[in-house]
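Summary of structural features
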Amino acid sequence: DKGGWSSFMAKEISEEPDAVANTIRGRVEGGQVVIPELAGLDELFLDINRIVIIACGTAAYAGTVGTYAIERWAGIPVTVELSHEFRYRDPVIDARTLVISVSQSGETMDTLMAVRFASESGAKTLSICNTQGATIARESDAVVYTHAGPEVAVASTKAFTAQITALYLFGLHLARVRGTQTPQFLASQVEELQAVPDKIASILGASEKIAQLAHWMADSRAVLFLGRHVGYPIALEGALKLKELAYIHAEGFAGGELKHGPIALIEPGQPVFVVVPSPRGSAILHPKVISTIEEIRARGARVIAIAEQGDAAVLPSADEVIPIPLAGPLFEPLLAVIPLHIFAMELATAKGLDVDQPRNLAKSVTVE
Ligand code: F6R
């Protein structure tokens, strides 16, 4: 039931605040993250010396966002890899490796095969999954469910924000168990996470401008997305969603990579979304991203910046600014992705496409 919305996707984007809030619920005790499903695993968490996150598509981008936060908080090396690439090389993993799979459906065959391979190699496995009792959840040593609720639209939206939330909760749980941060610092991060749903809701309330932009851009042949640090996987997610829903050629790049090749693509009129980090939270990266914007604009790019509201540097340099509320650097991706989800949906709608059922795609990819 679309509950009065024009599509399941519109409904599911509107549910992104709840997806985050419901995933946090029951997992905070006295200002600290305590995930009941992970009770009894402290010894394992003290013993591991690295984490490998495996997933496909959007879930892999959520995993990439997770790597930054888990390393920052828990001080343990974390890498992310596409399940199908991980499975068919010879990864060096052992009993001290924790392999975390991220999957909305819990049935993605590529990820299931990678989880089985990890178990056979002696690694411990943890599943982040949105579907109760799914195969990947059952076959893993532990599971932390996302509580996004059923996702019907083929392309993932609310499951993505819930996956980042679950990875963050895991990172904060792990940091507490390993004692890598002070309880005060961890409590401040928990508070930031708890503030996210209302901030997402405020972005949803101001989505008219994004819809307008999408209508203007409906004839674009290609759209580029740039981001750095946690903004990089958000750029990748924005590009994937636009390909899937609107069938427009879209690419996401790490901002720092631009001059190593992709800048050759910039020609007059080329639309480029840029995820701009907060000037307060990212004193080093913010000016670098602003100078990237200036560089591509000098070559004629049309820049749509997603930036912290009140960011004075971005206003004169971008063509359009989509403001997001203030948040700590690690929490910006949960906000910056919302305009990109809305944009892809609105652009597909403007082209008269079925946003819930894009061509050639299935909700759950149960073959390798
Ligand atoms: C993109 C999308 C896909 C899935 C991917 C993994 O919008 O929906 O890229 O994210 O197929 O699916 P799950 O999370 O079910 O393993």
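Read on for a plain summary of the structure.

What counts, and where the lines are drawn
Residues numbered from 1 in each chain as written. Predicted model: local features only at pLDDT ≥ 70, side-chain atom pairs only at ≥ 80, totals over all residues. Heavy atoms only, no water. Core = buried A, V, L, I, M, F, W, Y, C linked by side-chain atoms within 4.5 Å. Buried < 20%, exposed > 50% of the residue type's maximum accessible area, 1.4 Å probe, protein only. Helix = DSSP H or I, 4+ residues; strand = E, 2+ residues; numbered from the N terminus. Expected span 1.5 Å × (residues − 1). Pairing = 2+ DSSP bridges. Axes fitted to C-alpha atoms, helices over the stretch in contact; angles between N-to-C directions. Contact = heavy atoms within 4.5 Å. Near = heavy atom within 4 Å. Polar contact = N/O pair within 3.5 Å; in protein donor to acceptor, adjacent residues only side chain to side chain. Areas by Shrake-Rupley, 256 points an atom, 1.4 Å probe, with all protein chains shown as cover. 1 Å grid on protein atoms, 1.4 Å probe; cavity = no way out; pocket = protein on both sides within 12 Å on 5 of 7 lines; lining within 4 Å. Sits in = over half its atoms within 2 Å of the grid points. Nonpolar A, V, L, I, M, F, W, Y, C, P; charged D, E, K, R; others polar.

Turning our eyes to something else, we now look at the nonpolar core. With 92 residues, the main nonpolar core has Ile51, Ile70, Tyr168, Phe170, Leu242 and Phe273 as its most contacted residues. When residues of this core are assigned to their parent elements, the largest contribution, 12 residues, is made by helix 14 (residues 332-350). Of all hydrophobic cores here, the second largest spans 20 residues; its members include Val276, Ile293, Ile296 and Ala307.

End to end, helix 4 (residues 57-74) covers 25 Å across 18 residues, agreeing with the expected 26 Å (1.5 Å per residue, within 8%). Within helix 4, 14 of the 18 residues are buried, leaving the element largely enclosed by the surrounding structure. Following helix 4 by one or two positions, Gly75 adopts a phi angle in the positive range, close to 60 degrees.

What follows concerns the sheet that holds strand 6 (residues 124-129). Taken in spatial order, the five strands of this open sheet run 4-3-5-6-7, and their pairing is parallel. Looking along the sheet, the strands with just one partner apiece sit at the ends: strand 4 (78-82) and strand 7 (142-145). Between one strand and the next, the sheet's axes are offset by a mean angle of 20 degrees, whatever the strand orientation. Bridge count for strand 3 (residues 50-55) against strand 4 is five bridges, and the pairing is parallel. For Ile54, the partnering residue across the bridge sits in strand 4 and is Glu81. Sheet strands touched by helix 4: strand 3, strand 4 and strand 5 (97-103). Its angle to strand 4, the strand with the most contacts, is close to 170 degrees. Here helix 6 (residues 109-120) sits on the sheet in contact with strand 3, strand 5 and strand 6, set at roughly 155 degrees to strand 3.

Here we come to the environment of Val143. Tracing the backbone through its elements, the reader meets Val143 in strand 7. Once the C-alpha coordinates of Val143 and Glu191 are considered, the two residues, 48 residues apart in sequence, prove to be 24 Å apart. With near-sequence residues (within four places) excluded, Val143 lies in contact with Glu37, Leu126, Ser127, Cys129 and Ala137.

Next up on the list: the site of the ligand. The full set close to the ligand counts 14 residues, and Ser103, Gln104, Ser105, Thr108 and Glu244 are the nearest of them. Separating an oxygen atom of the ligand from a side-chain N or O atom of Ser105 is a distance of 2.7 Å. Thr108 is positioned such that a nitrogen or oxygen atom in its side chain is 2.5 Å from an oxygen atom of the ligand. The fraction of the free accessible surface of the ligand (410 Å²) that becomes covered by protein chains is 89%. When atoms are counted within 2 Å of each cavity's grid points, the one that captures over half of the ligand is the largest pocket. Partitioned by chemical class, the residues of the shell around the ligand number five nonpolar, seven polar and two charged.

Looking now at the sheet that holds strand 10 (residues 271-275). The sheet built from five strands is open, its strands ordered 9-8-10-11-12 with parallel pairing. Each having just a single partner strand, strand 9 (249-254) and strand 12 (320-324) make up the two edges of the open sheet. Across this sheet, the average inter-strand angle for adjacent strands is 20 degrees, counted without regard to direction. Sheet topology places strand 8 (residues 222-227) next to strand 10; three bridges connect them, and they run parallel. Across the sheet, residue Leu224 finds its bridge partner in strand 10, namely Val272. Across the sheet, helix 11 (residues 231-246) lies against strand 8, strand 9 and strand 10, angled at about 175 degrees from strand 9, the strand it touches most. On the sheet, helix 12 (residues 285-298) packs against strand 8, strand 10 and strand 11 (302-308) and is oriented at approximately 175 degrees with respect to strand 10.

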